[in-house]
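Residues per chain are reported as follows:
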Amino acid sequence: MQLLTDTILNKKKVPAGEGVWIADTACPGLRVRISTTKKNARNAVFYYRYRHRETKKLIPVRLGQYPGLSLDGARQLLKNELRERVDSGEDIRKYLKQRNQAKQTAEEEIISSLVHRFIGHLHKRNRASSTITTYSRYLRAVVHEWAGKHPNEITRGDAEDLFDLVKENGVPATDLYGKSITNRSKVKRKGGHRAAGHLLSAGQAFFKWCLDRELVSSNPWAGREKLREESNSNISNRVLTDEELAQVFEKLDLLSARDSVVVQLLLATGLRPGEVCAAKWDEIDLESGQWLIPGQRMKYKNADHLVFLPTKVLKLLKTWRRSDRVKSSYVFASVGGKSPCLTVDHLGESFKKLKIEGFTPKVCRATVRTGLQKLGCPEEVRSRISHHQRGDRVSRSYDHYSFDGEAKKWWEVWFEHLLKIRSNEETVLSSLC
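Treat the numbers as computed from the prediction; the structure is a model and nothing was measured. (Residues numbered from 1 in each chain as written. Predicted model: local features only at pLDDT ≥ 70, side-chain atom pairs only at ≥ 80, totals over all residues. Heavy atoms only, no water.)

Here we take up the sheet that holds strand E7 (residues 284-285). One open sheet holds the three strands; their spatial order is E7-E8-E9, and the pairing between them is antiparallel. Each of the sheet's edge strands pairs with one partner strand only, and the pair in question is E7 and strand E9 (305-308). (Pairing = 2+ DSSP bridges. Helix = DSSP H or I, 4+ residues; strand = E, 2+ residues; numbered from the N terminus.)

Right under this line is the structure:
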């Protein structure tokens, strides 16, 4: 027995792979087991050993791990709570389990309530729906990983460990509040560098919001350029060549009629996959060939997006509308799914049927913008077509020319290029026309 101190808990020499027990003279019944792994990782756990009032047996009860439970905290727990319950014959293990569950639930509610307020703040600021969905998914999915901590207690080390965990395992594709990221179930997961990058963006924004309101004293995600570079290191720069575009058109018969139309529309317009999947018939004027996407559905909500559809694309959509048996306000309605319209995840699964390496829905957008650049389309017009924000604040503040005429012209040029890729133009639209 000896008087326990923080120095002993932190520096007591223990042979690798072994452990030692030390009883505290200042608090009878309090013991600590200090152990090290073969890689010299240190671990100290507090226990309370007491004699059962009826059986007279010595019973060890785990209290918590140091430094999550401090030495003073362990002593106070014994003196103020446990000894009285031992004397009254109460089940100490059951009491500690209930106590820890209540504490975890209360602190989860602290984090979850702040996340809820933050998401509400994004709605009030009219942020893009895709941004709100992404932040909500990644923040809610990791709340459980920070259970037992107040947001103010989350360290830079915690943030980096969580970043590595998401990079390795990903996070569930849907919000799974209260389910651990490390739970390797069959739930489909968004994983890898891209998921870690989303987590970093969500974490930085959330803690900056907390910091501005003095809810926390520091932002554990601030200044993490190295993590940002790491999250971007595996992002694909995939763009289809003309030969691969020809392969796509040849393999459209492998897809359903609906998914085939979506692929062709993505390659013809350069729109984001989510913008095409959630398209509604009342947005599209099949007579004038104009598709007006409301700003609420765009990544940047500052303005609606006007798309000029080439004649053959209009013919494709008209044919699809006549043949579509699911009468819905959505152009690409879901059949039997929870979502009323086609989802990007489902579309991504369909792309795999084409068996073209690295070909995903987002690759279509990169292919269109790169192809327009190759054909000589000016940067301002490419940004107009893809609905990207101007590169600097001055341009966004003072340059308000729409480039509608130029965009219409270059959409036609790009579609003519797609038609020329195949010797027979009609085969490009062979799935329906």
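The next subject is the sheet that holds strand E1 (residues 19-23). Pairing is antiparallel in the open sheet, where four strands are placed in the order E1-E2-E3-E4. Each edge of the sheet is formed by a strand with only one pairing partner; in this case those strands are E1 and strand E4 (58-66). When strand polarity is set aside, the average angle formed by the axes of neighbouring strands in this sheet is 25 degrees. Looking at chain direction, E1 and strand E2 (residues 30-36) are connected through five bridges and run antiparallel. Looking at E2, one finds that isoleucine 22 is bridged to valine 32. Lying on the sheet, helix H2 (residues 71-87) is in contact with E2, strand E3 (42-51) and E4; it crosses E3 at an angle near 20 degrees. (Axes fitted to C-alpha atoms, helices over the stretch in contact; angles between N-to-C directions. Contact = heavy atoms within 4.5 Å.)

As a further point, take the packing of aromatic side chains. Aromatic ring pairs are reported here in terms of the distance separating the ring centres and the angle at which the planes meet. Using the criterion set out here, one finds twelve aromatic pairs in the structure. Geometrically, the ring pair formed by tyrosine 401 and phenylalanine 403 is edge-to-face, given 4.8 Å between the ring centres and 75 degrees between the ring planes. Under the relative-accessibility criterion, phenylalanine 403 is labelled buried at 17%. Three or more aromatic residues joined by ring pairs make a cluster, and in this case those are Phe118, Tyr135, Phe206, Phe207 and Trp209. The ring of tyrosine 95 has arginine 85 sitting right over it, with the charged end atom 4.1 Å from the ring centre. The residue whose ring lies beneath arginine 321 is tryptophan 281, and the NZ or CZ to ring-centre distance is 4.5 Å. (Phe/Tyr/Trp six-rings, centres within 6.5 Å; stacked < 30°, edge-to-face > 60°. Buried < 20%, exposed > 50% of the residue type's maximum accessible area, 1.4 Å probe, protein only. Lys NZ or Arg CZ within 6 Å of the ring centre and 35° of its normal.)

Among the nonpolar cores identified, the biggest contains 57 residues, and Val248, Trp291, Leu317, Phe332 and Phe359 are the most heavily contacted of them. By residue number, the principal contributor to this core is helix H16 (residues 404-421), which donates eight residues. With sequence-adjacent residues up to four places away left out, valine 248 is seen in contact with Leu240, Val263, Leu267, Leu354, Ile356 and Phe359. One finds Phe118, Tyr135, Val166 and Ala196 within the second-largest nonpolar core, a separate group that totals 30 residues. (Core = buried A, V, L, I, M, F, W, Y, C linked by side-chain atoms within 4.5 Å.)

Next up on the list: the environment of leucine 58. Turning to its location among the elements, leucine 58 is positioned in strand E4. Classification of leucine 58 as partly exposed rests on a relative accessible area of 44%. If near-sequence neighbours (up to four positions away) are discounted, leucine 58 is found in contact with Arg49, Tyr50 and Arg51.

A word on the confidence of the model for the protein chain. Here the protein chain averages 82 in pLDDT, while 85% of its residues score no lower than 70. Between residues 173-189, whose pLDDT stays under 50, and residues either more than four places distant or in other chains, the model counts 44 contacts. Note that residues 424-433 has pLDDT below 50 and, in this model, 25 contacts with residues that lie over four places away or in other chains. (pLDDT = per-residue confidence, 0-100.)

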